[in-house]
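Inside the fold
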Amino acid sequence: MLEGNGINIMSVLKRIFKSNAGVRAPHYKNTAESETLVMPPPERVIISMQQHIGAPCIPTVKVGDIVEVGQVVGDSDKPVSAPIHSGVSGKVAAITELVLPGGVKTSAVVIQTDGEQRVYQEIKPPAVENYQDFLKAVRSSGLVGLGGAGFPTHIKLNPPNPEAIDTLIINAAECEPYITADYRECIENTGDILDGIQAVMKYLNISKAIIGVERNKPAAISKLSKAAAEVSEPGREVAVKVLPSRYPQGAEKVLIYSCTGRMVPPGKLPSDVGCIVMNVTSVSFLAKYLRTGMPLVDKRLTVDGSAVKEPKNVRVIVGTPVHDVLEFCGGVKSEVRKLIMGGPMMGLAMMDDQLPVLKQNNAILAFAEEDVLPGGQSACIRCGRCVRACPMNLLPPSIEAALKIKDTEKMAKLGVMNCMECGCCSFSCPASRKLVQSMRLAKGELRKAQAAKKA
Amino acid sequence: MENRLVVSSSPHLHSGVSTREIMLDVLIALSPAAVASVLLFGWRAAAVILVCVASCMASEYLSAIVLKRPQTVGDLSAVVTGVLLAFNLPATIPFWQAAIGSVAAIVVVKQMFGGIGHNFVNPALIGRIVMMASFPSDMNNWVTPLQGRMVDGLASATPLESMAQGEMAYSYQQLLVGIRPGSLGETCIIALLLGGAYLVVRRVISPAIPLVYIGTVFILTWIAGENPLIHVLSGGLVLGAVFMATDYATSPINTAGKVVYAIGCGLLTVLIRIYGSLAEGVSFAIVIMNVLVPLIERATRPLPFGEERRFAIWQKK
């Protein structure tokens, strides 16, 4: 399927004239050599019931319950969701409400830890015989896309057309500046990554796996290549693809294009072009889960930024308040004026340092005054830098103009729904226009208009 | 801890490139030609540039106050317009006329249509066209360079004018260095190309417009049986192709549109030069194509990633 054996003139022209999609964002991989430190359990954890894309979980524990490490504390009967587990042993102190960065309201289970870290008795390696068992195991592991999106993995691994999937792409690009969490996974847990890849290939019957890594991580490339060569066999091939260090190399559609040359059409999924994309830490966790049965209760975070005293990589229990994580990294050396969950290009600014770490987080960045971008914007000079940068070939200024007059038809025609909010347009705008914000608003307007049309 | 966290939309990083920095790059790119103009035409070239820059900046500053707009004189775009307008004038132009051209460029063309980024035609070119219509004799008072006393200099015909009469008065070397009558900034081709190369290297402009524009003129004049090299090296073609046709606000934003636009500029330039009553057609060609930019952009809109054009020659099945 999709094996084009001719030359598509348009795509060749596109490559010549737009080889520069994306931006040369600075790397700032300051913590690349920082080996992961394990942070001890905090005094209390706040476990959000929304740590994934899809239906929120309902708490399955009550105030006063005693919980142990690995025990389910939230679950949902909706198909697109993933169970949530406690990473500590202790007593449920409260069930509260939480406003997550980005404005989503959700309930949360607050657990007072007892410091004993007793493991829940039912934790044992799952029995997996076939594809269905495998999917069930993936669901009970609580795994979601750990690259940041948080899409439930058991849904991703259950595409409508499993027989058409021929390539598994492992995202180890880690194109966001500052973040080195996935890089450390490649260096520290190379074996788990390959084990996880082999498990997915086996149960989904996929013949080829490609690990995409940006060129600026030579140590990861050599380690992964060596390990991949050892496990590769005919019919189960694992290869490492070295990618240019250009943001947003790790964006799903960009990554599929760089690794296979296939283009996911607007509104379609990777499975429509025969691919499944998984984050490298996700696939590595999967191997660990199949071996131990311990669900997703902790996460490696890169803690960095100009206000952090000792930037480093830390393994943190899900639900730990951000404030405690910063304290573990030596505290702050100047007033924090911007606190970001995730990378600087797509991460969300937080309004409170008491918010907890979520499963899909991979970085906490704390910045001092001088690194906070000034507000304000000037007129668009039509220089076209955003158009050149957009990996989705969109025209941000035209969409902005359509938004101004609320012309939803025009927004749809301009393909605003393809925007993944990677931030390249705003990053490169000399007039500092808030283009990503406009794209988000335009998408909202368009969704509203389409919903009204249906009703 | 007192909570003073700034919450804003991603991205939280910026490339650091600003409008002012881009305009500064354009000014750096214009400086070799400015130096050349002073060497070729004497102190009066510098004076004309200064008058145009000063009156453009004053117009920008005052109109922002009158129109109650944020002050934009600091972004240096008015300086660029001033230098470009001066480059399009003969070195002998009376200062008060240069000032009127500057006011027309900034107030009428730029500010009245909404300020930077909103002008639909190139301000400097309209300034020049207004002056051509208002002061035709002064605007055609060309002098031969390197004569020392410019104001009393010997009035002479430009290479395009003499070519229209069937003579060829200048060697290629003279044309490259700029030893020929003409607007003060257009003659020294080497200096202009140097500036253009700087802009391309700094990624301020895409090379698409200058290359396609000059290429089109070369090919069409060659087909028409004229000397294509003379056509490229004389008149305002290189100045226009590198610095005027590439104006952000008045050229298409996407590459395919840039190519169509530049072909149009080249075609119109050649038509005016060969069949028109004017010897030079670059200004009018660019202004006409400026007006067509919205249509070109609509026709050449890029498709979102992954969407195939329906007329794709080879469609994957």
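Source: prediction; values computed, not measured. (Residues numbered from 1 in each chain as written. Chains lettered and ligands numbered in written order. Predicted model: local features only at pLDDT ≥ 70, side-chain atom pairs only at ≥ 80, totals over all residues.)

Moving on, we get to the overall build of chain A. What chain A contains, in helices and strands, is 14 helices and 17 strands. On C-alpha atoms alone, chain A measures out to a radius of gyration of 22 Å, which is about the 23 Å that the 2.2 N^0.38 rule sets for 455 residues. Here the C-alpha coordinates of chain A stretch approximately 60 × 55 × 50 Å along the principal axes. For chain A, buried positions account for 53% of its 455 residues. Looking at chain A alone, contacts between residues at least 24 apart form 72% of all its contacts between residues at least 6 apart. (Helix = DSSP H or I, 4+ residues; strand = E, 2+ residues; numbered from the N terminus. Rg over C-alpha atoms; globule rule 2.2 N^0.38 Å. Buried ≥ 20, exposed ≤ 12 C-beta atoms within 10 Å, placed from the backbone. Contact = placed C-beta atoms within 7 Å.)

It is worth spelling out the domain arrangement of chain A at this point. Residue and element names in this part refer to chain A. As far as domains go, chain A holds domain 1 (37-123 + 295-370), domain 2 (125-292) and domain 3 (385-454). Just the C-alpha atoms count here: the centres of domain 1 and domain 2 sit 24 Å apart. Secondary-structure elements contributing two or more residues to the side of domain 1 that touches domain 2 are strand 6 (84-85), strand 13 (298-304) and strand 17 (363-367). Its residues assigned to classes, the side of domain 1 that touches domain 2 shows 13 nonpolar, 11 polar and 3 charged. (Domains from an automatic or database assignment. Nonpolar A, V, L, I, M, F, W, Y, C, P; charged D, E, K, R; others polar.)

Residues and elements named next belong to chain A. Strand order in this open sheet of 6 strands is 1-14-13-17-15-16, and the pairing throughout is mixed. Across the chains shown, the open sheet's two edge strands, defined by having one partner strand only, are strand 1 (37-38) and strand 16 (348-349). As defined by bridge partners, strand 1 adjoins strand 14 (residues 312-317) across 2 bridges and the pair is classed as parallel. Bridge assignment links Leu37 to a residue of strand 14, and that residue is Val314. This element, helix 4 (residues 181-188), spans strand 13, strand 14 and strand 17 of the sheet and lies at about 125° to strand 13. (Pairing = 2+ DSSP bridges. Axes fitted to C-alpha atoms, helices over the stretch in contact; angles between N-to-C directions.)

Turning our attention to the sheet that holds strand 7 (residues 90-99) of chain A. Spatially, 4 strands are ordered 2-8-7-4 (chain A) in an open sheet, and the strand pairing comes out antiparallel. The open sheet terminates on both sides in strands that have one partner only, identified here as strand 2 (44-48) and strand 4 (66-67) of chain A.

Before going further, it helps to examine the confidence of the model for chain B. Residues and elements named next belong to chain B. For chain B, the average pLDDT comes to 90, and 93% of its residues sit at 70 or higher. For the stretch residues 149-153, pLDDT sits under 50, and the model shows 11 contacts to residues farther than four places along the chain or on other chains. Low pLDDT, under 50, characterises residues 312-317; the predicted model gives this stretch 11 contacts beyond four residues in sequence or across chains. In the predicted assembly, ipTM is 0.90 and pTM is 0.90. (pLDDT = per-residue confidence, 0-100.)

Right, let's get into the environment of A:Ser107. All names here are of chain A. Within the secondary structure layout, Ser107 lies in strand 8 (residues 105-113). In this structure Ser107 comes out as partly exposed when scored by C-beta crowding, with 17 C-beta atoms within 10 Å. Sequence-wise, Ser107 and Ile58 are 49 residues apart; in three dimensions their C-alpha atoms are separated by 8.1 Å. Contact partners of Ser107, with chain neighbours within four places excluded, come to Met49, Pro59, Ile95 and Glu97.

A word on the packing of helix 11 (residues 396-404) of chain A against helix 14 (residues 435-454) of chain A. All names here are of chain A. One way to put it is that helix 11 packs onto helix 14 with a least axis distance of 9 Å and a crossing angle of 55°. With respect to helix 14, the element helix 11 is oriented oblique. Handedness of the crossing formed by helix 11 with helix 14: left-handed. Together, Pro396, Ile399, Glu400, Ala402 and Leu403 of helix 11 and Leu435, Ser438, Met439, Leu441, Ala442 and Glu445 of helix 14 make up the contact between the two elements. (Parallel < 35°, antiparallel > 145°, perpendicular 65-115°, else oblique. Left-handed = near helix turned anticlockwise from the far one by under 90°.)

Looking now at the pairing of strand 11 (residues 237-243) of chain A. Residues and elements named next belong to chain A. Note that strand 10 (residues 208-214) and strand 11 share 7 bridges and pair parallel. If you follow Ile210 over to strand 11, its bridge partner there is Ala239. In this fold, strand 10 hands off to helix 6 (residues 218-231), which returns the chain to strand 11; that crossover is right-handed. (Right-handed = clockwise from strand over helix to strand, strands pointing away.)

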